[in-house]
Amino acid sequence: MTSAQHSLSGIDAGSIPSAHRMRRLRRSDGLRRMVRETRLSPTNFIYPVFATTGRGVREPIPSMPGQSRLSVDQLAQEAAELRSLDIPAILLFGLPDSKDPEGSGAWISDGVIQQATRALKDAQPDLVVVTDVCLCEYTDHGHCGVLDAEGSVINDASVELLARTALSQADAGADVIAPSDMMDGRIGVIRRALDQQGFEERTLLAYSAKFASAFYGPFRDAADSAPQFGDRRAYQMDPPNGREAMRAIERDLAEGADMVMVKPALAYLDLVREARQRFDAPLAAYNVSGEYAMLKAAAANGWIDEERVVLETLTGIRRAGADMILTYHAKEAARWLARQGG
Ligand code: PBG
């Protein structure tokens, strides 16, 4: 049948140039797979986990359906599951038993994140253990560093404590140290401290472009890390600032970061793209707790097809240019991808 025979109105659609018929490449699953530009794989994922003290604890996090606080003894099972799903890395956050003004729970050698790191390296030596370096989960005031008399975070004193934290995590066996505190100069100070202590082969993933975002809400419930007064706008980045994000990435690479991050992901995909074009270092994007919670809530209400929306979202982050995606969807997405045959 010619297109003229399909004509409903005598309009000559047959005059569409052959080169403009892009639907030819969309006709079958085989053709679509063949010309697909962006691949999403479990190997792109880093799975964030909240480690807590005690034994046998798997405490669901209400604002993050499907995620739980896990005691250290539960992590071996988690690690085995990640390996079986071909997810190469886990990101650890620690929930300490007690907090103080300096966040000492972050750097003590038997701190929860140190115990969790040892347990994971014991159980699955090949799983990459990434540790979050920040004080907010460990300080009683909930800020990411130590405070002066007026309640503002003192940069350089905080950096010293963050470097102590990084060292004790490296000592526990962390493969990748990931500072998320947003103090100035911490990457350089941590790099030097690691090198001096014989950890020159441990990797630094810098949360370089981390914005003061309302999308962290569910995380702060999960990690009990909301500031007790004020907010984080005096140290995390101002959301409208894209050029500043590029300066921060450039600085962190100059200070010795091996990999850099944009966080959150979805409202900042322009910066993921720009960072990809400007810098050749491995680039991560953090698909944060609020982004996860929104999809979970819509899916629970039957408003969206969760599998398709999650995979479309993660593919979008990859297409923007991220090599790695830190995501709470990692395990489910890996299962869906395996079922679809990649
Ligand atoms: C700690 C930290 C936060 C997140 C990661 N590391 C919270 C914050 O900065 O307040 C957020 C992650 C998420 O929302 O999933 N500084």
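Everything below is about the structure shown above.
Report on the accompanying structure.

Criteria and cut-off values
- Residues numbered from 1 in each chain as written.
- Predicted model: local features only at pLDDT ≥ 70, side-chain atom pairs only at ≥ 80, totals over all residues.
- Heavy atoms only, no water.
- Near = heavy atom within 4 Å.
- Polar contact = N/O pair within 3.5 Å; in protein donor to acceptor, adjacent residues only side chain to side chain.
- Areas by Shrake-Rupley, 256 points an atom, 1.4 Å probe, with all protein chains shown as cover.
- Axes fitted to C-alpha atoms, helices over the stretch in contact; angles between N-to-C directions.
- Helix = DSSP H or I, 4+ residues; strand = E, 2+ residues; numbered from the N terminus.
- Parallel < 35°, antiparallel > 145°, perpendicular 65-115°, else oblique.
- Contact = heavy atoms within 4.5 Å.
- Nonpolar A, V, L, I, M, F, W, Y, C, P; charged D, E, K, R; others polar.
- Core = buried A, V, L, I, M, F, W, Y, C linked by side-chain atoms within 4.5 Å.
- Buried < 20%, exposed > 50% of the residue type's maximum accessible area, 1.4 Å probe, protein only.
- Pairing = 2+ DSSP bridges.
- Right-handed = clockwise from strand over helix to strand, strands pointing away.

With that out of the way, let us pick up the site of the ligand. Looking at the ligand, there are 18 residues lining it, with K210, R220, K263, S289 and Y328 nearest. Between the ligand and S180, the relevant distance is 3.3 Å, taken from a nitrogen atom to a side-chain nitrogen or oxygen of the residue. Here R232 contributes a side-chain N or O atom positioned 2.9 Å from an oxygen atom of the ligand. When the ligand sits alone it has 400 Å² of accessible area, and the protein chains cover 100% of it.

This paragraph deals with the packing of helix α11 (residues 306–320) against helix α12 (residues 330–340). Between two packed helices, the angle of one axis relative to the other and the distance separating the axes together describe the packing. For the pair α11 and α12, interaxial distance at closest approach is 10 Å and the crossing angle is 100°. It follows from the interaxial angle that α11 and α12 lie roughly perpendicular. Judged by residue contacts, E306, E307, V310, L311 and L314 of α11 engage E332, A333, W336, L337, R339 and Q340 from α12. Split by residue class, the contact of α11 with α12 holds 6 nonpolar, 1 polar and 4 charged.

Another point: the nonpolar core. Residues F45, L75, L92, L120, I177, V262 and L314 are the most contacted members of the largest nonpolar core, which totals 78 residues. Per element, the largest residue contribution to this core is 6 residues, and it comes from helix α5 (residues 155–172). Aside from chain neighbours lying at most four places away, what touches I177 is T131, V133, A166, Q169, A170, L194, T203, L204 and L205. Core analysis: the second largest hydrophobic core is formed by 26 residues, M64, Y207, A222 and V288 among them.

For strand β4 (residues 89–95), a buried count of 7 out of 7 residues is recorded, marking the element as mostly surrounded by other parts of the structure. Burial along β4 is two-sided: the face carrying A89, L91, F93 and L95 and the face carrying I90, L92 and G94 are both buried. Where strand β1 (residues 45–52) lies against β4, 7 bridges are found, and the strand directions are parallel. Each residue of the ladder has a partner; that of P48, found in β4, is L91. As paired elements, β4 and strand β5 (residues 128–133) share 4 bridges and run parallel to each other. Paired with L91 across the strands is V130, a residue of β5. Remark: the β4/helix α4 (residues 112–123)/β5 crossover connection has right-handed handedness.

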